[in-house]
Amino acid sequence: MSKVQLSGVSKVFERGSSRTVALEDSSFTVRTGETVCLVGPSGCGKTTILNLIAGFTPASTGSVQVDDLVVTGPSSERAVVFQADAVFPWLTVAKNVAFGPSAQGKSRDEQEERTNRFLTLVGLSDFKDAFPKELSGGMKKRVDLARAYASEPKVLLLDEPFGALDVFTKEAMWLAFQKVAEAEPKTVIFVTHDIEEAIFLGDRVVVMTPRPARVREIIDVPFGANRSIELRDTPAFQALRVQITLLLREGRIE
Amino acid sequence: MSKRSDKSELKSEQLDRKRLPKGKRCSIPGPAISILVLIALATLWWTATTGLGLVRELFFPSPESLFQSLTTLNIRLLEDALATLSRVLISWIGGSTLGVLTGLLMARSHILRYALNPIIEAVRPVPPVALIPFVILWFGIGDDGKIFLGALACFMVMVVNTSVAVTNVPPVLLQAARSLGASEGALYRRVVFPSIVPEILSGFRIGSALAFAVIVAAEFLGADAGLGRLIMSASRTLNTSVVLLGTIVIAVMAVLVDQIILRLSRFLTRWST
């Protein structure tokens, strides 16, 4: 597990003469073992932040540090779960989950041990030998999750992983994710546009402003561990949702 | 290459089941229809030639004379068939393999891509058969020239299929693999290559048909053995039953090879939707 620190990070995309500021002077720290949810409207640059932390793209100014080391490129220290379907369709479920440990040159025994452990955690041990085309959208996300965990990263980055799922599958995925996260504590950065998802899963919520993205506010979520789905209907939860909604509305361009 | 149409061809059966509205489906099983048509054609053939004598032997030989040619040629037909088949297989496998490797390298290296692209784009539309005069000058009338031509045809199909397929690999799969710790080499071996297998196999299918066409055509213009030579020399003496026999053997071999690839690709792409 690791600490992730963004200091004065900005990202500018230049295409010909046009200049788009996707992220402006943003700083925040994700503590070791904490789940931080980044919430903001679609297209506000949340994915850009995640890509910077993953190392897929370099920052224009400022720096991203994991355990005080500057991020220079992608690494298995930082596993990513994407919104798009990123399960390898030519591999069975078990081989997908074993991809990380196998690419890292771990022994067969270890590959198998990790595969079994995480498939059980996400509830897919009966589908080990299935090909992804036989799975539903929610099940594919479970494979993605198990695969990311099985590569034993220091930091887990999730980019609207459940954005394409219906509301019931989404709730099931929240619980599945919570279960895995409690069994295997990691530093997690979770990007979403779903405010309730951010509150339900986060220890803290970073509220972003749109275009260019900046950190508007960082909010502590006081609900502790082991949250049940009923939490969603409590006044405290809803009050938090309203608070965040108002913050997001503030920055909206009319 | 027309990637899409090959794919749909590979899966025509599935499409058939999925897309056609139920009312339009006929209740006779598909294979039965194919067999019935073949039997009808064979009957028509026999009736028009031997049965009623409507068609002269010269224009379309009867089944009997075809069989006669078969027994006369005997082992020589087998030798010619094997000569053609071995040229086809060598040029097809060799040319395709080189094509896939070149396509992968072109997708990887900017320099190679821009260096080779104009050459490939210029040579690609030229029918390989047009090069036969040069090939005979360079290689003589032995195996080498024919294999070169067949390999060239397969190479062209594969280079284009492969480099297009590589650029179509979803970037999210590459990002996922990188973040799971895959090295650049592993990325190619474990993500790029497996995901382009369907396109490679469809290129393989097109290539095998092309290799047959090119090799037989090359044999027409000069060879010591091969079905093309057999057909050409028989046609000089107007021995049309040997011509037809040679043609049928080519068709049978081509269909067999195609079926083998088809089965293989159904197995290898069983993961694909």
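Owing to the predicted nature of the structure, the values given are computational and were not obtained by experimental measurement.

When helices and strands are tallied, chain A shows eight helices and ten strands. Here chain A has a C-alpha radius of gyration of 18 Å; the compact-globule value for 254 residues is 18 Å, and the two agree. Projected onto the principal axes, the alpha-carbon positions of chain A cover approximately 50 × 45 × 30 Å. Residues classed as buried in chain A amount to 44% of the 254 residues present. Counting only contacts in chain A whose residues sit at least 6 apart along the sequence, the fraction spanning at least 24 positions is 71%.

When you go through chain B residue by residue, the secondary structure sums to twelve helices and zero strands. Starting at the N terminus, the α and β elements of chain B follow one another as α-α-α-α-α-α-α-α-α-α-α-α. In terms of overall dimensions, chain B has a C-alpha envelope of 75 × 60 × 30 Å along the principal axes. The burial tally for chain B puts 32% of its 273 residues in the buried class. Here the contacts in chain B between residues at least 6 apart in sequence split such that 74% fall between residues at least 24 apart.

Residues and elements named next belong to chain B. Between its first and last C-alpha, helix H6 (residues 110-123) extends 20 Å over 14 residues, near the 20 Å set by a 1.5 Å rise per residue. Leu116 marks the point of greatest bend in H6, at about 35 degrees, and the proline Pro118 comes within the next four residues. With zero of 14 residues buried, H6 lies mostly on the surface of the structure.

This paragraph deals with the environment of Phe59 of chain B. Residue and element names in this part refer to chain B. Checked against the element boundaries, Phe59 lands in the loop between helix H3 (30-51) and helix H4 (63-73). Using a count of 8 C-beta atoms within 10 Å as the deciding quantity, one classes Phe59 as exposed. Along the primary structure Phe59 and Thr49 are separated by ten residues, whereas in three dimensions their C-alpha atoms are 9.9 Å apart.

Once that is clear, we can look at the nonpolar core. In a soluble, globular protein the nonpolar side chains are often hidden away together inside. Ile53, Ala146, Leu157 and Ile189 of chain A are the most contacted members of the largest nonpolar core, which has 117 residues in total. Element by element, the count of residues in this core is highest for helix H8 (residues 143-167) of chain B, at 14 residues. Beyond its immediate chain neighbours, meaning those up to four positions away, Ala146 of chain A contacts Val97, Phe118, Leu119, Leu121, Val122 and Leu124 of chain A.

So, about the interface of chain A and chain B. The interface is formed by 21 residues belonging to chain A together with 16 residues belonging to chain B. Looking at the side of chain A that touches chain B, the elements that each hand over two or more residues are strand E6 (78-81) and helix H3 (99-103) of chain A. In the side of chain A that touches chain B, the residues fall into 14 nonpolar, four polar and three charged.

Below, the discussion takes up the pairing of strand E8 (residues 187-192) of chain A. Residues and elements named next belong to chain A. Along E8, six of the six residues are buried, which leaves the element largely enclosed by surrounding structure. Sheet topology note: the strand E3 (residues 35-39)/E8 ladder contains five bridges and is parallel. Bridge pairing in E8 places Val39 opposite Thr192. Pairing analysis gives five bridges linking strand E7 (residues 155-159) to E8, with the strands arranged parallel. Paired with Leu158 across the bridge in E8 is Phe190. At this point the chain moves from E7, through helix H6 (residues 167-183), to the parallel E8, and the crossover so formed is right-handed.

With that out of the way, let us pick up unusual backbone geometry. Not every positive phi belongs to a glycine, and Glu152 of chain A is a case in point at roughly 45 degrees. Within the fold, Glu152 of chain A resides in the loop between helix H5 (137-150) and E7. The phi angle at Asn74 of chain B is positive, at roughly 50 degrees, despite the residue not being glycine. Along the chain, Asn74 of chain B turns up in the loop between H4 and helix H5 (75-108). For Asn74 of chain B, a count of 10 C-beta atoms within 10 Å gives the class exposed.

In this section: the sheet that holds strand E9 (residues 204-209) of chain A. Residues and elements named next belong to chain A. Strand order in this open sheet of six strands is E6-E7-E8-E3-E9-E10, and the pairing throughout is mixed. Looking at the sheet topology across the chains shown, the edges are occupied by E6 and strand E10 (214-220). Sheet twist, expressed as the mean angle between neighbouring strand axes with direction ignored, is 20 degrees. Judged from the four bridges that link them, E6 and E7 form a sheet pairing that is parallel. Counterpart to Val80 in the pairing with E7 is Leu157.

On to the packing of H8 of chain B against helix H10 (residues 184-220) of chain B. All names here are of chain B. Where H8 contacts H10, the axes come no closer than 8 Å and their chain directions differ by 155 degrees. In terms of their interaxial angle, H8 and H10 are classed as roughly antiparallel. Seen from above, H8 lies across H10 with right-handed handedness. Here the residues of the contact of H8 with H10 sort into 16 nonpolar, six polar and three charged.

So, on to the packing of helix H11 (residues 227-236) of chain B against helix H12 (residues 240-268) of chain B. Residues and elements named next belong to chain B. Where H11 meets H12, the closest approach of the two axes is 8 Å, and the angle between their N-to-C directions is 160 degrees. In this view, H11 runs roughly antiparallel relative to H12, as classed from their interaxial angle. Our pair here, H11 against H12, has a crossing hand that is left-handed. Only Val242, Val243, Gly246, Thr247, Val249 and Ile250 of H12 make contact with H11, whose side of the interface consists of Leu227, Leu230, Ile231, Ala234 and Ser235. Across the contact of H11 with H12, the residue classes break down as eight nonpolar, three polar and no charged.

How each quantity is defined
Residues numbered from 1 in each chain as written. Chains lettered and ligands numbered in written order. Predicted model: local features only at pLDDT ≥ 70, side-chain atom pairs only at ≥ 80, totals over all residues. Helix = DSSP H or I, 4+ residues; strand = E, 2+ residues; numbered from the N terminus. Rg over C-alpha atoms; globule rule 2.2 N^0.38 Å. Buried ≥ 20, exposed ≤ 12 C-beta atoms within 10 Å, placed from the backbone. Contact = placed C-beta atoms within 7 Å. Expected span 1.5 Å × (residues − 1). Bend = angle between axes of the 7 residues up to and from the residue. Core = buried A, V, L, I, M, F, W, Y, C linked by C-beta atoms within 7 Å. Nonpolar A, V, L, I, M, F, W, Y, C, P; charged D, E, K, R; others polar. Pairing = 2+ DSSP bridges. Right-handed = clockwise from strand over helix to strand, strands pointing away. Axes fitted to C-alpha atoms, helices over the stretch in contact; angles between N-to-C directions. Parallel < 35°, antiparallel > 145°, perpendicular 65-115°, else oblique. Left-handed = near helix turned anticlockwise from the far one by under 90°.

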